Amino acid sequence: MTVLARAAQVSRRYGDVLALDRVSLDIRAGELVGLLGPNGAGKSTLINLFVGLRRPTSGTVELLGGSPQDPLVRQGIGVTPQETGLPEALRVGEIVDFVSAHYPRRADKGELLARFGLQDLARRQIGGLSGGQRRRLAVALAFAGEPRMVFLDEPTTGLDVEARRALWDGVRSFHEQGGTILLTSHYLEEIEALARRVIVVGHGRVLADDTVTAIRDVVGTRRVSLTAAELPELPGVLSSEREDGRIHLLTADPDRLVVELVRSGTPFSGLEIRPTTLEEAFLAITSKETADV
Ligand SMILES: Nc1ncnc2c1ncn2[C@@H]1O[C@H](COP(=O)(O)OP(=O)(O)OP(=O)(O)O)[C@@H](O)[C@H]1O
């Protein structure tokens, strides 16, 4: 299938900060892909490279078979950055006309607004919109030029449940008509609602690139921490580390682990079980895979 966006061994530095570290990935036509990762993981940087707002320090980025720096290539994409400032005095319909005028192909204004639940607001000034309505409008504008591919950086931040669903419906309908989308989120739940493929990034690297189901299994791990001199062999331990006299174990089945620990008669204290953060889960598993090789 045609590759619409490709990063090959891409690194990006901001001074001393290595925001992306040799990232390689392909997004093919018709895919809806979620980019998942904690704050500072490098998600926005990757989007900015794909849409031509920044250049890589090393490696190459391709967009629609050309360069993201080429304005003609960029006419084939739509973007909603994390933060947008829209002119307050313009009406909703006017800004849609203004943005569409930059593209050779234009979405039908009525349909576009309806797709994002904004059909009754075409004559409203932007200054009179609620925060959620503004965000939906900013996302709708990414679709104004009938793009082949759309990039959405945290599209639903600050939206309530209803507005989030309206936005998801809009994104889904574009995808059902064959559109390609890359969106970022901090939440697996959000990506799960939309995408099948999820790319997890942390510390500027791709930690996993898999189906949402596979990622969900990994993220479902728990961290069991305790103080003990020695531990016997325990079932289902994905990784273990010692830190300041404490032992931290990662497992998908903490109940079984604790039952076996008690059965073993090993003295321990200070037992704690908590969900792992996405980053912990992936870093532990990736470092385990590397150690196993
Ligand atoms: N213009 C910049 N100047 C200096 N450092 C930057 C700049 N932009 C990003 N960074 C740094 O690069 C790293 C990656 O940032 P990036 O915004 O890509 O992460 P992110 O995954 O999008 O985070 P968030 O979820 O918070 O938006 C961070 O350490 C950030 O501080």
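In the annotation of an unreviewed UniProt entry, the entry for the protein reads ABC transporter ATP-binding protein, and the organism field reads Nonomuraea rhodomycinica. Note on the protein: under the UniProt heading Subcellular location (unreviewed entry), the record states "Cell membrane".

**Some remarks on the overall build of the protein**
A tally of helices and strands in the protein yields ten helices and 13 strands. Referenced to the eigenvectors of the C-alpha coordinate spread, the extents of the protein come out at roughly 70 × 40 × 35 Å. Burial statistics for the protein: of 293 residues in total, 36% are counted as buried. Counting contacts in the protein only where the partners sit at least 6 residues apart, residues at least 24 apart contribute 68% of the total.

**A closer look at the UniProt feature "domain: ABC transporter" (unreviewed entry) in the protein**
Annotation from UniProt places "domain: ABC transporter" (unreviewed entry) at residues 5-228. The span residues 5-228 carries 31% helix and 30% strand; its end-to-end C-alpha distance comes to 50 Å.

**A look at the sheet that holds strand 4 (residues 58-63)**
Read across the sheet, three strands follow the order 2-1-4 without closing on themselves; strand pairing throughout is antiparallel. The open sheet has two edge strands with one neighbour each: strand 2 (17-28) and strand 4. The sheet shows a mean angle of 20° between the axes of neighbouring strands, taken without regard to direction. Sheet topology places strand 1 (residues 3-14) next to strand 2; eight bridges connect them, and they run antiparallel. From the neighbouring strand, arginine 13 faces strand 2, where its bridge partner is leucine 18. Where helix 1 (residues 43-50) meets the sheet, its contacts fall on strand 1, strand 2 and strand 4, and the angle it forms with strand 1 comes to roughly 120°.

**Here's the deal with the sheet that holds strand 5 (residues 77-80)**
Across the sheet, which stays open at both edges, the six strands sit in the order 5-6-7-3-8-9 with mixed pairing between neighbours. Edge positions in the sheet fall to strand 5 and strand 9 (205-211), since each has one partner strand and no second. Ignoring strand direction, the axes of neighbouring strands in this sheet form an average angle of 15°.

**Observations regarding the domain arrangement of the protein**
Per the domain assignment, the segments of the protein are domain 1 (3-212) and domain 2 (221-275). When each unit is reduced to the centre of its C-alpha atoms, the spacing between domain 1 and domain 2 is 41 Å.

**Section: the pairing of strand 7 (residues 180-185)**
Burial within strand 7 is extensive, with six of its six residues counted as buried. The alternating pattern of strand 7 places Thr180, Leu182 and Thr184 and Ile181, Leu183 and Ser185 on opposite faces, both of which are buried. Sheet topology places strand 3 (residues 32-36) next to strand 7; five bridges connect them, and they run parallel. Across the sheet, the residue bridging to glycine 34 is leucine 183, located in strand 7.

**Examining the packing of helix 5 (residues 131-141) against helix 6 (residues 161-176)**
Running from N to C, helix 5 and helix 6 cross one another at 10°; their axes reach a closest spacing of 10 Å. The orientation of helix 5 relative to helix 6 falls into the category roughly parallel. Taking contact as the criterion, the partners of Gly132, Arg136, Val139 and Ala140 in helix 5 are, on helix 6, Ala163, Ala166, Leu167 and Gly170. Taken together, the residues of the contact of helix 5 with helix 6 break down into five nonpolar, two polar and one charged.

The rules we used
Residues numbered from 1 in each chain as written. Predicted model: local features only at pLDDT ≥ 70, side-chain atom pairs only at ≥ 80, totals over all residues. UniProt positions renumbered as here; feature names shortened; annotations may be inferred. Helix = DSSP H or I, 4+ residues; strand = E, 2+ residues; numbered from the N terminus. Buried ≥ 20, exposed ≤ 12 C-beta atoms within 10 Å, placed from the backbone. Contact = placed C-beta atoms within 7 Å. Pairing = 2+ DSSP bridges. Axes fitted to C-alpha atoms, helices over the stretch in contact; angles between N-to-C directions. Domains from an automatic or database assignment. Parallel < 35°, antiparallel > 145°, perpendicular 65-115°, else oblique. Nonpolar A, V, L, I, M, F, W, Y, C, P; charged D, E, K, R; others polar.

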